[in-house]
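The chain contents come next:
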Amino acid sequence: MHHGGTEDMRQFDHRSGQSIEIDGASIYYETAGQENGPALLLLHGGFGDMEDFNVLLPGLTQRFRVIGVDSRGHGKSTLGKTPLTYQRLQEDVEQIVGRLKLDRYSIIGFSDGGIVACRMASGTSSAIERLVMIGAQGELKEDDPVRAILSKVTPESWREKFPSTYDSYQRLNPEPNFDAFARAAIAMWLDSSSSGYPNDSVERIACKVLIARGENDHLTPRDALDRLARRIPDARVLEIPDAGHVAFQDQPELFLRSLNEFLE
């Protein structure tokens, strides 16, 4: 094989990465693809981990240096003692960006990862070239019907409804305590303070933004994303047919085609 031939096709496997200590937690990340390619950061959703993106990796690793991060408490990253917030997750990712000395990079963020990415892009000195949000809102008002859905989730209901995410959490996490982790994640979703959703700061986003959703996604209604797109200077909404919340897994080929056009 020529240089990097096998590396191009590598999937995230939770074996080949490394962990760094950040403010009382161990945060795990992995890189794949082209060592000298443009950097592309992948941020997964709540209760997920970087392996959720493996369906996309073959379509990305030929061109990009792909970096997957397990959010604090998720996958192979420990929860630590501080409250889980979108701001906390943002700070963790920014530490990894600094550690890897990424001066320019793009981000794909799904759900919670999209909210974290959106916060990062709203920052004043952002080095982000392109931002892709999948199934993620920029705000969650007190009367938002999605808030009512999220506030009903409990550790027990999640485990019952999504046993496979529970199983991979138990398998991967170095300090598993699912109930404490689930309660922390749910509190993060409902956080209405400045450590939560980016809200008005999205108007400062200077990079190009693609806001994607599955047409059947009940957690990110189309009108909420249209409102978000109007507030960001350079944003457009992509609706993916026959797809739910995890739109990139439901329609990977379709999503990759639009993604690659956008990242060109």
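Let me begin by describing the structure that accompanies this report. (Residues numbered from 1 in each chain as written. Predicted model: local features only at pLDDT ≥ 70, side-chain atom pairs only at ≥ 80, totals over all residues. Heavy atoms only, no water.)

**Observations regarding helix α2 (residues 86-99)**
So, step 1. Taking 1.5 Å of rise per residue, the 14 residues of α2 would be expected to cover 20 Å, and the 20 Å separating its terminal C-alpha atoms lies within 8% of that figure.
So, step 2. Remark: K101 follows α2 within two positions and exhibits a positive phi of approximately 55°. (Helix = DSSP H or I, 4+ residues; strand = E, 2+ residues; numbered from the N terminus. Expected span 1.5 Å × (residues − 1).)

**A few points about the sheet that holds strand β2 (residues 25-33)**
So, step 1. Reading across the sheet, the eight strands line up as β1-β2-β4-β3-β5-β6-β7-β8 and stay open at both edges, with mixed pairing between neighbours. On the outer flanks of this sheet lie β1 (18-22) and β8 (235-240), each paired with one strand and no other. Across the sheet, the mean angle separating the axes of adjacent strands is 20° when strand polarity is ignored. (Pairing = 2+ DSSP bridges. Axes fitted to C-alpha atoms, helices over the stretch in contact; angles between N-to-C directions.)

**Things to note about the packing of aromatic side chains**
So, step 1. Under the counting rule described, the total for this entry stands at 14 aromatic pairs.
So, step 2. Measuring from centroid to centroid gives 5.0 Å for Y166 and F178, while their planes differ by 90°, and the two rings are edge-to-face. Note that Y166 is positioned in helix α6 (residues 163-172) and F178 in helix α7 (residues 178-190), a separation of 12 residues in sequence.
So, step 3. Taking the relative accessible area as the measure of exposure, Y166 reaches 22% and is therefore partly exposed.
So, step 4. You can call F178 buried: its relative accessible area is 3%.
So, step 5. An aromatic cluster is built from F47, W158, F162, Y166, Y169, F178, F181 and W189, whose rings are joined through pairwise contacts. (Phe/Tyr/Trp six-rings, centres within 6.5 Å; stacked < 30°, edge-to-face > 60°. Buried < 20%, exposed > 50% of the residue type's maximum accessible area, 1.4 Å probe, protein only.)

**Some words on the environment of W189**
So, step 1. One can find W189 in helix α7.
So, step 2. For W189, a relative accessible area of 6% translates into the label buried.
So, step 3. Separated by 105 residues in the primary sequence, W189 and L84 place their C-alpha atoms 9.5 Å from one another.
So, step 4. Once residues within four sequence positions are removed from consideration, W189 is found in contact with F47, Y86, D112, L140, L150, V153, W158 and Y197.
So, step 5. Within the structure, W189 has its side chain in polar contact with the side chain of D112 (distance 2.8 Å). (Contact = heavy atoms within 4.5 Å. Polar contact = N/O pair within 3.5 Å; in protein donor to acceptor, adjacent residues only side chain to side chain.)

**Considerations on the environment of A25**
So, step 1. The topology assignment puts A25 in strand β2.
So, step 2. Here A25 falls in the buried class, since its relative accessible area comes to 1%.
So, step 3. The spatial distance from the C-alpha of A25 to the C-alpha of G114 is 22 Å, given a sequence separation of 89 residues.
So, step 4. Apart from the residues within four sequence positions on either side, A25 is in contact with I20, R72, T78, L79 and G80.

**Some thoughts on helix α10 (residues 252-263)**
So, step 1. A rise of 1.5 Å per residue sets the reference length of α10, with its 12 residues, at 16 Å; its end C-alpha atoms lie 16 Å apart and thus fit the reference within 8%.
So, step 2. Considered for burial, the residues of α10 that qualify are P252, F255, L256, S258, L259, F262 and L263.
So, step 3. On the buried face of α10, the contacting elements are β3 (39-43), β5 (105-110), β6 (128-134), β7 (208-214), β8 and α9 (247-250).

**Quick word on the nonpolar core**
So, step 1. Ranked by internal contacts, the top residues of the largest apolar core, which has 59 residues, are L41, L43, Y105, I107, M120, W189 and I211.
So, step 2. Tallying contributions element by element places α7 first for this core, with eight residues.
So, step 3. Those residues in contact with L43 that sit more than four places away from it in its chain are F53, V69, V93, I107, I108, G109, F110, G113, V116, A117 and M120.
So, step 4. Ranked by size, the runner-up nonpolar core spans 28 residues in total, among them L40, L42, L210 and F262. (Core = buried A, V, L, I, M, F, W, Y, C linked by side-chain atoms within 4.5 Å.)

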